[in-house]
Amino acid sequence: MSLRDRLNEASEVVAVREAPPGVAVSRAGKDAIKRNLHYLLIEEMGTELATTTNEDVLRRSLERKLQELLGKESTPLSAADRREIATDVMDNILGYGPIQALLEDPEVTEVMVNNPSTVYIERRGKIHLTDRRFIDEAHLLRIIDKIVAQVGRRIDEASPMVDARLPDGSRVNAVIHPLAINGPMLTVRKFSSEPYTIDDLIGFGTVDERLAAFIEASVKGKLNILISGGTGTGKTTLLNVVSAYVPDDERIVTIEDAAELRLGQSHVLRLEARPPNIEGKGQVTIRDLVRNSLRMRPDRIVVGEVRGAEALDMLQAMNTGHEGSLSTIHANSPRDSLSRLETMVLMSGFDLPVRAVREQVSSALNMVIQLARLRDGSRRVVQVTEVDGMEGDKIVMQDVFYYDYSMGVDDSGVSLGRLKSTGLRPKFMEHLQDFGIQVPASVFAFEPPARR
Ligand SMILES: Nc1ncnc2c1ncn2[C@@H]1O[C@H](COP(=O)(O)OP(=O)(O)OP(=O)(O)O)[C@@H](O)[C@H]1O
Ligand SMILES: [Mg+2]
């Protein structure tokens, strides 16, 4: 029996379950029609799909065929149903399928496909299950293939895990069999087409104007700053915004796993690490790039995220004349971020005593900015901490600003807290003064928590 016969048989099942005239066809019914049309189109246009390179020509001929097939559909469909079915079937074949609309929706910041029939999104910082579904596993795989191929990468059993970027800058991660046990998985991290600015972050409540001014002074004054936070707390976004304060006459080298940073300065040299090819060759690590960047006469080095052996090279760069370097790290508190750095250095294969590593860390870094995603879904800076040398075996850290959680939440659960000053004036202010940068003393006036 040909596929066509099988489908005709299947659509008869749908026709039997069809809604009586005047009653809208059920969701399951529509899904079944979409599925049938999808298979039919692929069967009938298979070679054309594979060989036509001109998207417009392909779209027109697909549309013609689709209308023809829809015309033969026995289930009574309203004009709206027809439109919906036609759009979805076209998206499934030409675009990114059921997630096309989600990718286009500016309010959606993340699309997470757990399996063909489970698609989650993040909207305003919160995760929701959607009613979008892929036709089957092969369909999801085809969409993944398409996304990955578009950026010149491949995914198959030999390399079943891929990180890539869409043309609009969104970051894509896909994992397939045999690593993905329950079928292919896809995660798309969207970035707004215009990168966020400091004003956006002030609008979101991530930073306030005082902190913005303080960060600006710190970047202009060439402090080495680490942005710390959990997954998806907005580290890369804040790094991008903070980097914008680097004066335009400085030469900036950015180093990333997947190039996400978008800086506006004129002197920006962007480097992107490269995974090994299928034979396991040709890998260029973040560490290689950090080392290489030192030969590029940079004024500033911006590393997208430190997560491995590059930690030591970065600390050394910061300690040897590349002040004003910036990076992010995955950690839950400023203290945690330093111990993670320490671990990275110790694990990178150098036989260095812990104390020596700690000294490197403490003398390289000036400040840690901690981000968190609060229960209300907002992403906020919750701690700004100065790194202030060593005392005995310990790195001394002093909070400059803290988030006052004790201010509670409003009726809808939105945090009423804000960033407050601990009353400590950071020691690096003297360093800033050398650059002629003044921060008014009032910025550091103690603000007690609402409740103790
Ligand atoms: N301050 C913010 N307010 C609201 N949304 C934000 C904020 N910062 C970032 N976002 C959004 O949150 C998502 C995650 O941001 P980002 O990639 O910067 O986080 P991250 O901490 O670097 O994530 P990862 O741990 O995966 O590297 C993006 O969709 C981004 O647009
Ligand atoms: Mg990031």
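Residues numbered from 1 in each chain as written. Chains lettered and ligands numbered in written order. Predicted model: local features only at pLDDT ≥ 70, side-chain atom pairs only at ≥ 80, totals over all residues.

Draft legend 1. Local environment of the overall build of the protein. Along the protein, the regular secondary structure elements total 14 helices and 15 strands. Along the first, second and third principal axes, the C-alpha set of the protein runs to 80 × 55 × 40 Å. Counting every position in the protein, which comprises 452 residues, the buried fraction comes to 33%. (Helix = DSSP H or I, 4+ residues; strand = E, 2+ residues; numbered from the N terminus. Buried ≥ 20, exposed ≤ 12 C-beta atoms within 10 Å, placed from the backbone.)

Draft legend 2. Up close: the sheet that holds strand 10 (residues 300-303). The sheet built from nine strands is open, its strands ordered 9-8-10-11-7-12-13-14-15 with mixed pairing. Two strands lie at the open edges of the sheet, namely strand 9 (268-272) and strand 15 (419-421), each paired on one side alone. Between one strand axis and the next, the sheet turns by 30 degrees as a mean value, whatever way the strands run. In this sheet, strand 9 lies alongside strand 8 (residues 252-256) in parallel orientation, the contact comprising five bridges. Paired with T254 across the bridge in strand 9 is R270. On the sheet, helix 9 (residues 235-243) packs against strand 7 (225-229), strand 10, strand 11 (326-330) and strand 12 (367-373) and is oriented at approximately 165 degrees with respect to strand 11. (Pairing = 2+ DSSP bridges. Axes fitted to C-alpha atoms, helices over the stretch in contact; angles between N-to-C directions. Contact = placed C-beta atoms within 7 Å.)

Draft legend 3. Expanded view of the environment of I144. Mapped onto the elements of the fold, I144 is located in helix 6 (residues 137-150). Taking the C-alpha atoms as reference points, I144 and A174, 30 residues apart in sequence, are found 7.0 Å from one another. The contact partners of I144, leaving out residues within four places of it in the chain, are I155, A174, I176, P184 and L186.

Draft legend 4. Region of the structure containing the pairing of strand 6 (residues 185-189). Taken across its five residues, strand 6 has four buried, putting it largely inside the fold. Here strand 1 (residues 108-115) pairs with strand 6 via four bridges, running antiparallel. When the bridges of strand 6 are listed, V111 appears paired with V188. Bridging between strand 5 (residues 171-175) and strand 6 involves five bridges; their strand directions are antiparallel. Looking at the pairing, N173 lines up with T187 of strand 6.

Draft legend 5. Spatial organisation of the domain arrangement of the protein. Domains assigned within the protein are domain 1 (3-94), domain 2 (98-189) and domain 3 (198-444). Averaged C-alpha coordinates put domain 1 and domain 3 at centres separated by 51 Å. (Domains from an automatic or database assignment.)

Draft legend 6. How the structure looks around unusual backbone geometry. Geometrically, the link from H177 to P178 is a cis peptide bond, its omega value of 5 degrees lying close to zero. Secondary-structure assignment places P178 in the loop between strand 5 and strand 6. Although it is not a glycine, R124 adopts a positive phi angle of roughly 45 degrees. Within the secondary structure, R124 is located in the loop between strand 2 (118-123) and strand 3 (126-129). By the C-beta count within 10 Å, which is 12 here, R124 ends up exposed. Phi angles above zero are rare outside glycine, and K222 is one such case at about 60 degrees. Summarising the element assignment, K222 is placed in the loop between helix 8 (209-220) and strand 7.

Draft legend 7. Just the pairing of strand 4 (residues 161-165), in detail. In strand 4, alternate side chains face the same way, and those of V162 and A164 are buried while those of M161, D163 and R165 on the opposite face are not. Where strand 4 meets strand 5, five bridges bridge the pair, whose relative direction is antiparallel. Directly across from R165, in strand 5, lies its bridge partner R171. Hairpin connection, strand 4 to strand 5: the antiparallel pair is bridged by five residues, and G169 has positive phi, about 95 degrees.

Draft legend 8. View of the packing of helix 12 (residues 334-347) against helix 13 (residues 354-364). At their nearest, the axes of helix 12 and helix 13 sit 10 Å apart, and the two run at 130 degrees to each other. What the angle tells us is that helix 12 and helix 13 run oblique. When you trace helix 12 past helix 13, the crossing you get is right-handed. Two secondary-structure elements touch here, helix 12 through L338, L341, E342, V345 and L346 and helix 13 through V357, R358 and V361. Class assignment for the residues of the contact of helix 12 with helix 13 results in six nonpolar, no polar and two charged. (Parallel < 35°, antiparallel > 145°, perpendicular 65-115°, else oblique. Left-handed = near helix turned anticlockwise from the far one by under 90°. Nonpolar A, V, L, I, M, F, W, Y, C, P; charged D, E, K, R; others polar.)

Draft legend 9. Looking closely at the site of ligand 1. Near ligand 1 you find 18 residues, and of these T109, G234, K235, T236 and T237 are the closest. Those elements that place two or more of their residues in the shell around ligand 1 are strand 1, helix 7 (198-204) and helix 9. For the shell around ligand 1, the element with the most residues is helix 9, which contributes three residues. A class-by-class count of the residues in the shell around ligand 1 yields three nonpolar, ten polar and five charged. The residues that make up the shell around ligand 1 include at least three from each of domain 2 (98-189) and domain 3 (198-444). (Near = placed C-beta within 6 Å.)

Draft legend 10. Examining helix 12 more closely. Between the first and last C-alpha of helix 12 there are 20 Å, a value that for 14 residues agrees with the 20 Å anticipated at 1.5 Å per step. Restricting attention to buried positions, one finds in helix 12 the residues P334, S337, L338, L341, M344 and V345. With its buried residues spanning 120 degrees around the axis, helix 12 presents them on a single face. The outward face of helix 12, more than 90 degrees from its buried face, is lined by the exposed residues T343 and M347. (Expected span 1.5 Å × (residues − 1). Arc of directions from axis to C-beta.)

Draft legend 11. Broad picture of helix 11 (residues 310-319). The buried fraction of helix 11 is high, at eight of ten residues. Next to the buried residues of helix 11 lie helix 10 (286-293), strand 10, strand 11, helix 12 and helix 13. A positive backbone phi angle near 95 degrees is found at G321, which sits one or two residues after helix 11.

Draft legend 12. Quick look at the sheet that holds strand 6. The strand order across the open sheet built from six strands is 3-2-1-6-5-4, with neighbouring strands paired in antiparallel fashion. Looking at which strands have only one partner, the edges of the open sheet turn out to be strand 3 and strand 4. Direction aside, neighbouring strands of the sheet carry axes that sit 15 degrees apart on average.

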